[in-house]
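In case you want the letters, here they are:
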Amino acid sequence: VVEAQGREVLAHNADLPLTGASTQKLLTATGLLLAHGPDATFTTEVVAEAPPAGGVVAGDLYVIGGGPADLGTPDWPEMAPGTRQRVVHDVDELVAAISAAGVTRVEGSVVGDGSRYDDQRYEETLAERLVHQDQVGPIGALMVNDGFARFSPERTNASTVPADDPAADAARVITERLEANGIEVAGAPRAGTAPEGATPVASLPSPPVSQLVAEMLTTSDNEAAEAMLKEIGATEAGEGSWDAGAAALESLLAEAGVSTDGLDVVDGSGLSIANVLTCATLVDVLTLEGTGPVVREGLPVAGETGTLADRWTDSEVAGRLRAKTGTLRNVTALAGEVETLPGTAITFAYVANVTDPQQITAEEVGLDELAEILVRHPGDLDLAALEPEAPATG
């Protein structure tokens, strides 16, 4: 689908349901914006059964995950698995808030509370190989370093180990960093649920949703996208699960006027081939009043940022294309906005699937050329050149 100034320029199988890979993140971003608005934040809270007395917490210190906050340690972006860029919000700011509250000793343990979401760590239709390749970490409401407990500069599967329980591992990281800052912790870190009516000790708000969405889209952050889908479920249905989040997302999109014919949401990141969407749906979320501009602003820019930093670097497309890629073995996709050379804006979505055991790449379908054609609209736009061709099967 290609739209120019709200007018459909081209539609080819616009309503054909296909797997969109990471273009699914456009739907997740839109859902989070619809559920919370661009200015909302998610707060990681620190509570205790009683206020600290003389700097001492008599029992346990509970850290409660409040949503997709992307907490991490400063070394995580450089040592995370794979080559994908990472953005983290420094967990040491939470440690500093605890210190600023006057805490000098915890008689009990640091307890990580991830009860806002369920304890299913990976979406059930996700290919096992993607877990083994560390394409996504275990998802919870309280995560540090995307739920990975051990990692190293080698960035290999052997050196990068997912945590059994992200909340418990978050408690471990926070305990270590409290102790490094001179705050004693007597008990071993663990996971648990904070008691009702506990006393607030410290807190750390996340950046606004608009920034979280932009970071997720720009770096194609799988863990953030999955946490966002669970957050949509927690907000809209009171259940932080993939099933609740998927159903709520579909409802939010339909209520907002997005075309949902053929849509089947399974996860937030697009890693599962069970997700099904259409090009019409992708263009609708990109152009949706209110949320569309925020989503488009958060997309990576050709030749400049995120997943498009190394593409179209020597082309008139550089700096003019904002788009989300989608890549699996049998999926290639691109959806976003092009600022044309004459100065108008074009919104488009392209998705191609082949059946197993075939594979497909962006190069095979000429996605670079697609952007180069669109950037020249309306001067010498060749509509025939935009029509997809079937990939070779030989």
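Residues numbered from 1 in each chain as written. Predicted model: local features only at pLDDT ≥ 70, side-chain atom pairs only at ≥ 80, totals over all residues. Heavy atoms only, no water.

A.B. asks: Quick question: what am I supposed to make of helix α3 (residues 92–100) here?
C.D. replies: Think of an α-helix as 3.6 residues a turn; residues three or four steps apart then line up on the same face. Within α3, burial applies to Leu 94, Val 95, Ala 97 and Ile 98. One side of α3 carries all its buried residues, which in axial view fall inside an arc of 155°. Considering only its buried residues, α3 is in contact with β3 (43–48), β5 (61–64), β7 (89–90), α5 (166–180) and β14 (199–205). Positive backbone phi, at 90°, marks Gly 102, one or two positions downstream of α3. (Buried < 20%, exposed > 50% of the residue type's maximum accessible area, 1.4 Å probe, protein only. Helix = DSSP H or I, 4+ residues; strand = E, 2+ residues; numbered from the N terminus. Arc of directions from axis to C-beta. Contact = heavy atoms within 4.5 Å.)

A.B. asks: Help me out: how do you make sense of the packing of helix α1 (residues 24–36) against helix α9 (residues 279–287) in this one?
C.D. replies: Packed helix pairs are characterised by how far apart their axes lie and by the angle those axes make with each other. Direction vectors running N to C along α1 and α9 enclose 40°, while the axes themselves pass 10 Å from each other. When the interaxial angle is binned, α1 and α9 end up oblique. Along this stretch, α1 crosses α9, giving a crossing that reads as left-handed. Seen from α1, the contacting residues are Leu 26, Leu 27 and Thr 30; seen from α9, they are Thr 281, Leu 282, Val 285 and Leu 286. (Axes fitted to C-alpha atoms, helices over the stretch in contact; angles between N-to-C directions. Parallel < 35°, antiparallel > 145°, perpendicular 65-115°, else oblique. Left-handed = near helix turned anticlockwise from the far one by under 90°.)

A.B. asks: When you look at the sheet that holds strand β9 (residues 110–113) in this model, what are you seeing that I'm missing?
C.D. replies: One key point about sheets: their strands pair by backbone hydrogen bonds, in either a parallel or an antiparallel sense. Strand order in the open sheet made by the five strands is β13-β9-β5-β3-β14, with mixed pairing throughout. Every other strand in the sheet has two partners, leaving β13 (190–191) and β14 as the edge strands with one partner each. Bridge analysis of β3 against β5 gives four bridges, and the strand direction is antiparallel. Looking at the pairing, Val 46 lines up with Val 63 of β5. In the packing of α5 onto the sheet, contacts are made with β5, β9 and β13, and the angle to β9 comes to roughly 145°. (Pairing = 2+ DSSP bridges.)

A.B. asks: Looking at this structure, I do not really get the pairing of strand β2 (residues 7–10). What am I missing?
C.D. replies: Side-chain positions along a regular strand alternate between the two faces of the sheet. Sheet analysis places strand β1 (residues 2–4) next to β2, joined by three bridges and oriented antiparallel. Its bridge partner being in β2, Val 2 is matched across the sheet by Leu 10. Taking the residues that link successive antiparallel strands as the turn, the β1-β2 hairpin has two residues, and the phi of Gln 5 there is positive, at about 50°.

A.B. asks: I tried to follow the nonpolar core on my own but got confused; where do I start?
C.D. replies: In summary, soluble globular proteins display a tendency toward joint burial of nonpolar side chains. Ranked by internal contacts, the top residues of the largest apolar core, which has 54 residues, are Leu 26, Leu 27, Leu 217 and Leu 282. Among the elements that line this core, the one with the most residues is helix α7 (residues 222–237), at seven residues. Core analysis: the second largest hydrophobic core is formed by 28 residues, Val 46, Leu 71, Ala 97 and Val 185 among them. (Core = buried A, V, L, I, M, F, W, Y, C linked by side-chain atoms within 4.5 Å.)

A.B. asks: It is not clear to me how the sheet that holds strand β8 (residues 105–106) should be interpreted in this structure. Could you clarify?
C.D. replies: With parallel pairing, three strands are arranged side by side in an open sheet as β4-β8-β12. Of all the strands in the sheet, the pair left with one neighbour each is β4 (56–57) and β12 (184–185).

A.B. asks: Could you clarify how one ought to interpret the packing of aromatic side chains in this entry?
C.D. replies: The way to describe two aromatic rings as a pair is by their centre distance and the angle between their planes. Considering all chains together, one arrives at two aromatic pairs under this definition. Ring geometry for Trp 76 and Phe 151: centres 4.9 Å apart, planes at 70°, overall edge-to-face. Pair noted here: Trp 76 is in helix α2 (residues 76–79) and Phe 151 is in the loop between β10 (148–150) and β11 (161–162), with a separation of 75 residues, a long-range link. Site record: aromatic cluster; members linked through ring pairs are Trp 76, Phe 148 and Phe 151. Positioned over the ring face of Trp 242 is Lys 230, at 4.1 Å from the centre of the ring. (Phe/Tyr/Trp six-rings, centres within 6.5 Å; stacked < 30°, edge-to-face > 60°. Lys NZ or Arg CZ within 6 Å of the ring centre and 35° of its normal.)

A.B. asks: Is there a simple way to think about the side chain of Asn 145 in this case?
C.D. replies: Structurally, the position occupied by Asn 145 is in the loop between α4 (128–132) and β10. By relative accessible area, which is 3% here, Asn 145 ends up buried. Not counting residues within four places of it along the chain, the set of residues in contact with Asn 145 comprises Leu 71, Gly 72, Thr 73, Trp 76 and Phe 151.

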